[in-house]
Amino acid sequence: MNLETQVTQAGRGGARLDVDGISVRFGGLTALDSISFELPAGQVVGVIGPNGAGKTTLFNVVCGFTRPQEGQLLLDGKPLRPVPHQLSRQGISRSLQGLGLFPGLSVVENIVAGASHSARAGFWSGLLGLPRADRDERELYERASALIDELGLGAHAYSPPSTLPYAVSKRVALARTLISEPRLVLLDEPAGGLGHEDIAELGQLITSLPARGEGCSVMLVEHHVDLVMDVCDALVVLDFGKVIAHGTPDEVRDDPLVAEAYLGAEVAT
Ligand SMILES: Nc1ncnc2c1ncn2[C@@H]1O[C@H](COP(=O)(O)OP(=O)(O)OP(=O)(O)O)[C@@H](O)[C@H]1O
Ligand SMILES: [Mg+2]
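Residues numbered from 1 in each chain as written. Chains lettered and ligands numbered in written order. Predicted model: local features only at pLDDT ≥ 70, side-chain atom pairs only at ≥ 80, totals over all residues. Heavy atoms only, no water.

Caption draft 1: Representation of the pattern of salt bridges within the structure. Inspection of every chain in the model, using the stated rule, returns nine salt bridges. For Arg171, the salt bridge goes to Glu201, with nearest N and O atoms at 3.7 Å. Pair noted here: Arg171 is in helix α7 (residues 166-178) and Glu201 is in helix α8 (residues 196-208), with a separation of 30 residues, a long-range link. Several salt bridges converge on common partners, so that one network encompasses Arg16, Asp18 and Glu38. (Salt bridge = Lys/Arg side-chain N within 4 Å of Asp/Glu carboxyl O. Helix = DSSP H or I, 4+ residues; strand = E, 2+ residues; numbered from the N terminus.)

Caption draft 2: Region of the structure containing the nonpolar core. Core analysis: the largest hydrophobic core is formed by 46 residues, its most contacted members being Ile111, Leu153, Leu187, Ile206 and Leu220. The element contributing the most residues to this core is α7, with seven residues. Taken together, domain 1 (1-91 + 182-269) and domain 2 (100-181) each give at least three residues to this core, which thus spans both. When near neighbours in sequence (up to four residues on either side) are disregarded, Ile111 contacts Ala144, Leu147, Ile148, Leu153, Val172, Ala175, Arg176 and Ile179. In terms of nonpolar packing, the next biggest core, distinct from the first, is built from 29 residues, Leu17, Leu39, Val47 and Leu186 among them. (Core = buried A, V, L, I, M, F, W, Y, C linked by side-chain atoms within 4.5 Å. Buried < 20%, exposed > 50% of the residue type's maximum accessible area, 1.4 Å probe, protein only. Domains from an automatic or database assignment. Contact = heavy atoms within 4.5 Å.)

Caption draft 3: Spotlight on the sheet that holds strand β4 (residues 70-75). Taken together, four strands build an open sheet; the order of strands is β2-β1-β4-β5 and the sheet is antiparallel. Taken across any chain shown, the strands that pair with only one partner, and hence form the sheet edges, are β2 (29-39) and β5 (78-80). Taking the axes of each pair of neighbouring strands and ignoring which way they run, one obtains an average angle of 30° across the sheet. Sheet topology note: the strand β1 (residues 17-26)/β4 ladder contains five bridges and is antiparallel. Paired with Ser23 across the strands is Glu70, a residue of β4. (Pairing = 2+ DSSP bridges. Axes fitted to C-alpha atoms, helices over the stretch in contact; angles between N-to-C directions.)

Caption draft 4: The arrangement of the pairing of strand β7 (residues 184-188) in detail. For β7, the buried fraction is high: five of the five residues fall into the buried class. Every second residue of β7 is oriented toward a common face, with Leu184, Leu186 and Asp188 on one face and Val185 and Leu187 on the other, all of them buried. Of the strand pairs in this sheet, strand β6 (residues 92-94) and β7 are connected by three bridges, and their pairing is parallel. Looking across to β7, one finds that Ile92 is bridged to Leu184.

Caption draft 5: Focus on the confidence of the model for the chain. Residues of the chain with pLDDT of at least 70 account for 84%, and the chain-wide mean is 86. When the criterion is pLDDT under 50, residues 1-11 qualifies, and its contacts beyond four places in sequence or with other chains add up to twelve contacts. (pLDDT = per-residue confidence, 0-100.)

Below, the structure written as structure tokens:
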């Protein structure tokens, strides 16, 4: 039995993502220069690097916002052409930049809105008043209610987002990412704007993601290096569009190239 099979059997399934030779150029600027790494099933992989390293560009490639000029993505070994509004159909879910909550909807409705593809599956039956739509909707609200319990949002379920403390809004945004039961979650700076205690709580949440449902893999783009070191199984370090280090947090922490990239960035700012 290979390691991957063992991992799957332990409930840490999730999708495997291969980033294979991805290059993105904006005019004369090479934002990503033949990037390759793997995100094994059920792992949390962090993507870090100084300002302008290419992190957001990579995130956008995996979300389908940016088409690379070269290279390919593979999901569980099959070519993946991500389409932003169909990501959840492809088993992928991403945190929106900022919070992206709908101001006119309550917390529970915002969470349910994250499952747009399931809702669309029931669209015609909904229109025709068939029981399928009721069942779909009931299931969605049951899932949302489980997430509300799990993420400690019970006191806020029927509140509009504008009344929530910032850290609570971030948890709502995460719950919305999880309602479609994704096998790959892409998180873009989830710790942005959070205080120390909230970051610790977020860290616990992120480490619990791989064991969810059928299993889940996580790609985490984050500036907050302490958080990334705590929660990631592996790190990919980008600098000037290239992978300069890839390994466990300990390996990366001791890598002189990484220290140099960050030091160089500090000196430059
Ligand atoms: N749409 C674009 N058009 C032109 N250049 C771009 C575009 N998007 C990004 N770039 C450039 O590509 C490089 C990588 O940018 P990217 O935003 O991916 O870096 P980053 O690692 O996310 O940086 P930060 O830590 O500041 O968020 C930068 O030099 C940036 O100026
Ligand atoms: Mg960025």
